[in-house]
Amino acid sequence: MSSEKKIKAALVSVYHKDGLDEILKKLSSLGVRFISTGGTKSFIESLGLPCDAVEDTTGYPSILGGRVKTLHPKIFGGILCRRELPEDMKQVKAYDIQEIDLVIVDLYPFEDTVASGAGEQEIIEKIDIGGISLIRAAAKNFKDVITVASKQQYRPLMNLLEEKNGKSDIADRKFFARAAFSVSSSYDAAIFNYMDNNEGTAFRCARDNAMLLRYGENPHQKGIFYGDFDALFDRLHGREISYNNLLDIESALSLVSEFDETTVAILKHNNACGIASRPTVVEAWKDALAGDPVSAFGGIIVSNRKIDKVTAEEINTIFFEIIIAPEYDNDALEILEQKKNRIILVQKQKLTENKQFRSLLNGVLGQDKDLSIQAAADLKPVTNRPLQGTELEDLLFANKLVKHTKSNAIILVKNKQLCAGGTGQTSRVDALKQALEKAVSFGFDLEGSVMASDAFFPFPDCVEIAGNAGVTAIVQPGGSIKDDLSIEYCNKHNISMVMTGIRHFKH
């Protein structure tokens, strides 16, 4: 038996009607009969097309304030009847049920209503019942019925109508069914998450817009990003985004969002290898690059200010993969676009997600994002020596940076410039030694610098090593049973120490 089916009757009930008129006219020209209700029926008739009322088909009016309109055997029987089963078709004939071959339905805007700050009753009324039932029924019976569950499927439907004149095969119908179940599962996930009210009783996450990546973390791994990348960025130039690019982009945006002053950062493998805040972008770039010009090769550059021509000329002297900024001067773009694979992104909006998830063992690990950042009032002095000169500003700068550095992490800063960082070490002493070695190798004078640690010092060894290198002020969360030993060393050697009470591990 051929899988080809011809559309003869369509049930149409939509919330958003933009772009629907041409489809309806095309269907009508192919002899398709319409069934609808309410505003959609009026819309169809306004196009000069005939339309049967759902109420006439079922023999029941819309009741309960519109909550019950299409929930009736004469509607669902027409959708769910299996055309190849004689018993189904016998019952359809006995109860005078008309077959329905196409269902075009969208859903009440539940997520938009939640996002608007509406009250609970208004939100509950936006939980679609009839629409979601129609979608599931039609998609389940994809052997016989085409389901169009969102306006994103209007174009594929129109293409089908134009190419096949109202006919479809099993592959066509299965394509639409898959899209329909994507819509319904996402809708249900949104409702559950609202009802769950962040209690985390179960994990439900739905993301559309699958973006196939060049590969995963390594070339032998497949990589896909699920999310609306284009809502966050305009990609002005360069090759396709990779898995590792996305990890670095996330790290870059999270870091630079902490800074209000003009700031440029360079990242490599999710860690900053250079960052500086300065009066101008070009100054910030030069001092960020000075932090580690070796690691900057092939890195990610992010700025929280417009990139001008002078800065672009300086940046263009090194190889890098991606640059992100809120805006670019035209002459700056002309310079940056000289490398065909270089990815140039315009950040259109800030990151708003406040949860993090990762697959782990046989499940998913979730947590709140670390959105805590400390201001001057949150730094508790615990030593005799008061902060001097620019130390307070440098400590705040360093504490922001250490929060975004892989643990164990140590950050050395002077004059709002990263001198060096120790990242991802198995001991805090090793992280400090790594930072000191890098700072010295790039010619930094650490006398009068400050140090930030992402977690407490279990012993005073790091304080002693840092003090001997020229560090004069330290910020750390505190909380060790041996905090007194570190404080005592600082007091003996005229070093300031402040504690925040907030640990910033990052793994």
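The next thing to look at is the overall build of the protein. What the protein contains, in helices and strands, is 19 helices and 23 strands. In terms of overall size, the protein is more extended than a compact globule, its C-alpha atoms giving a radius of gyration of 31 Å where 507 residues would be expected to give roughly 23 Å. A buried classification covers 47% of the 507 residues belonging to the protein. Surface exposure of the protein reaches about 25,400 Å², of which carbon and sulfur atoms provide 50%. In the protein, which carries 60 positive and 69 negative side-chain charges, the distance between the mean positions of the two groups comes to 6 Å.

Now for a negative patch on the surface. The grouping of Glu313, Glu314, Asp331, Glu334 and Glu337 at the surface amounts to a negative patch. At the level of secondary structure, the elements contributing two or more residues to the negative patch comprise helix H14 (309-315) and helix H15 (330-336).

When the terminal C-alpha atoms of helix H17 (residues 428-441) are compared, their 20 Å separation across 14 residues agrees well with the 20 Å that a helix rising 1.5 Å per residue should span. Taken together, the buried positions of H17 are Arg428, Val429, Ala431, Leu432, Ala435, Leu436 and Ala439. With its buried residues spanning 160 degrees around the axis, H17 presents them on a single face. Exposed residues on H17 whose side chains face more than 90 degrees from its buried face are Glu437 and Ser441. The secondary structure elements touched by the buried residues of H17 are strand S19 (410-413), strand S20 (418-422), strand S21 (449-453) and helix H18 (461-469). Immediately downstream of H17, the backbone of glycine 443 shows phi near 80 degrees, a positive value.

This part is about the sheet that holds S21. Read across the sheet, 6 strands follow the order S18-S23-S22-S21-S19-S20 without closing on themselves; strand pairing throughout is mixed. Among the strands making up the open sheet, the edge pair consists of strand S18 (380-381) and S20. Where strand S22 (residues 471-476) meets strand S23 (residues 496-499), 4 bridges bridge the pair, whose relative direction is parallel. Residue pairing for S23: alanine 473 is matched across the bridge by serine 496. In this fold helix H16 (residues 391-403) packs onto S19, S20, S21, S22 and S23, with an angle of close to 35 degrees to the strand it touches most, S21.

Once that is clear, we can look at the pattern of salt bridges. Per the stated rule, a full pass over the model turns up 28 salt bridges. Arginine 67 is the salt-bridge partner of glutamate 125, the closest N and O atoms lying 2.4 Å from each other. One end of the pair, glutamate 125, is in helix H7 (residues 120-125); the other, arginine 67, is in the loop between helix H3 (54-58) and helix H4 (73-80), with 58 residues separating them in the sequence. Residue arginine 67 is classed as partly exposed on the basis of its relative accessible area, which comes to 49%. In this structure, lysine 306 engages aspartate 329 in a salt bridge whose closest nitrogen and oxygen atoms are separated by 3.4 Å. Of this pair, lysine 306 sits in the loop between strand S13 (299-303) and H14 while aspartate 329 sits in the loop between strand S14 (320-325) and H15, and the two are 23 residues apart along the sequence.

What follows is about unusual backbone geometry. Note the cis peptide between serine 407 and asparagine 408, where omega equals -10 degrees. By the element assignment, asparagine 408 lies in the loop between H16 and S19. Even without a glycine there, the phi angle at leucine 361 is positive, about 50 degrees. As for its position among the elements, leucine 361 is in the loop between strand S16 (355-360) and strand S17 (363-368). Since its relative accessible area comes to 85%, leucine 361 is described here as exposed.

Time to look at the sheet that holds strand S12 (residues 271-277). Strand pairing within a sheet occurs via backbone hydrogen bonds; the two strands may be parallel or antiparallel. One open sheet accounts for 6 strands, arranged S10-S15-S14-S13-S11-S12; its pairing is mixed. In this open sheet, the two edge strands, each paired with only one partner strand, are strand S10 (233-237) and S12. Averaged over all adjacent pairs, the angle separating strand axes in this sheet is 20 degrees, with direction ignored. Two strands pair when backbone bridges link them, and S10 and strand S15 (residues 343-347) are joined in this way by 4 bridges, in the antiparallel orientation. The residue of S15 that forms the bridge with histidine 237 is isoleucine 344.

Right, let's talk about the pairing of strand S11 (residues 263-268) for a bit. Where burial is concerned, most of S11 is hidden: 5 out of the 6 residues are buried. Pairing analysis gives 6 bridges linking S11 to S12, with the strands arranged antiparallel. Note on S12: the bridge partner recorded for lysine 268 is asparagine 271. Between S11 and S12, which pair antiparallel and follow one another directly, the connecting turn spans 2 residues, one of which, histidine 269, has a positive phi of 50 degrees. Pairing analysis gives 4 bridges linking S11 to S13, with the strands arranged antiparallel. Residue pairing in the sheet places alanine 265 in a bridge with valine 302 of S13.

A contiguous nonpolar surface patch, about 280 Å² in accessible area, is contributed by Phe203, Phe357 and Val364. By the element assignment, phenylalanine 357 lies in strand S16.

Packing of H4 against helix H8 (residues 130-140) leaves a shortest axis separation of 8 Å and a crossing angle of 30 degrees. Relative to H8, H4 is oriented roughly parallel. Contacts from Ile75, Phe76, Ile79 and Leu80 in H4 reach Gly130, Ser133, Leu134, Ala137, Ala138 and Lys140 in H8. Among the residues making up the contact of H4 with H8, the classes are represented as 7 nonpolar, 2 polar and 1 charged.

The subject of this paragraph is the packing of aromatic side chains. The full count for this structure, using the stated rule, is 8 aromatic pairs. Here phenylalanine 110 and tyrosine 194 contribute two aromatic rings whose centre-to-centre distance is 5.8 Å and whose plane-to-plane angle is 80 degrees, an arrangement assigned as edge-to-face. Placement of the pair is phenylalanine 110 in helix H6 (residues 110-115) and tyrosine 194 in helix H10 (residues 170-196), with a sequence separation of 84 residues. When its relative accessible area of 24% is taken as the criterion, tyrosine 194 is described as partly exposed. Measuring from centroid to centroid gives 4.8 Å for phenylalanine 229 and phenylalanine 233, while their planes differ by 35 degrees, and the two rings are tilted. The class for phenylalanine 229 is buried, based on a relative accessible area of 7%. Taken together, the ring pairs in this structure connect Phe110, Tyr187 and Tyr194 into an aromatic cluster. Taking NZ or CZ as reference, arginine 214 lies 6.0 Å from the ring centre of tyrosine 215, over its face. The ring of phenylalanine 259 has lysine 400 sitting right over it, with the charged end atom 5.1 Å from the ring centre.

Cut-offs applied
- Residues numbered from 1 in each chain as written.
- Predicted model: local features only at pLDDT ≥ 70, side-chain atom pairs only at ≥ 80, totals over all residues.
- Heavy atoms only, no water.
- Helix = DSSP H or I, 4+ residues; strand = E, 2+ residues; numbered from the N terminus.
- Rg over C-alpha atoms; globule rule 2.2 N^0.38 Å.
- Buried < 20%, exposed > 50% of the residue type's maximum accessible area, 1.4 Å probe, protein only.
- Areas by Shrake-Rupley, 256 points an atom, 1.4 Å probe, with all protein chains shown as cover.
- Lys, Arg positive; Asp, Glu negative; His and termini not counted.
- Charge placed at Lys NZ, Arg CZ, Asp CG, Glu CD.
- Patch = residues over 30% accessible without salt bridge, like charges linked within 9 Å, V, L, I, M, F, W, Y side chains within 5 Å.
- Salt bridge = Lys/Arg side-chain N within 4 Å of Asp/Glu carboxyl O.
- Expected span 1.5 Å × (residues − 1).
- Arc of directions from axis to C-beta.
- Contact = heavy atoms within 4.5 Å.
- Pairing = 2+ DSSP bridges.
- Axes fitted to C-alpha atoms, helices over the stretch in contact; angles between N-to-C directions.
- Parallel < 35°, antiparallel > 145°, perpendicular 65-115°, else oblique.
- Nonpolar A, V, L, I, M, F, W, Y, C, P; charged D, E, K, R; others polar.
- Phe/Tyr/Trp six-rings, centres within 6.5 Å; stacked < 30°, edge-to-face > 60°.
- Lys NZ or Arg CZ within 6 Å of the ring centre and 35° of its normal.

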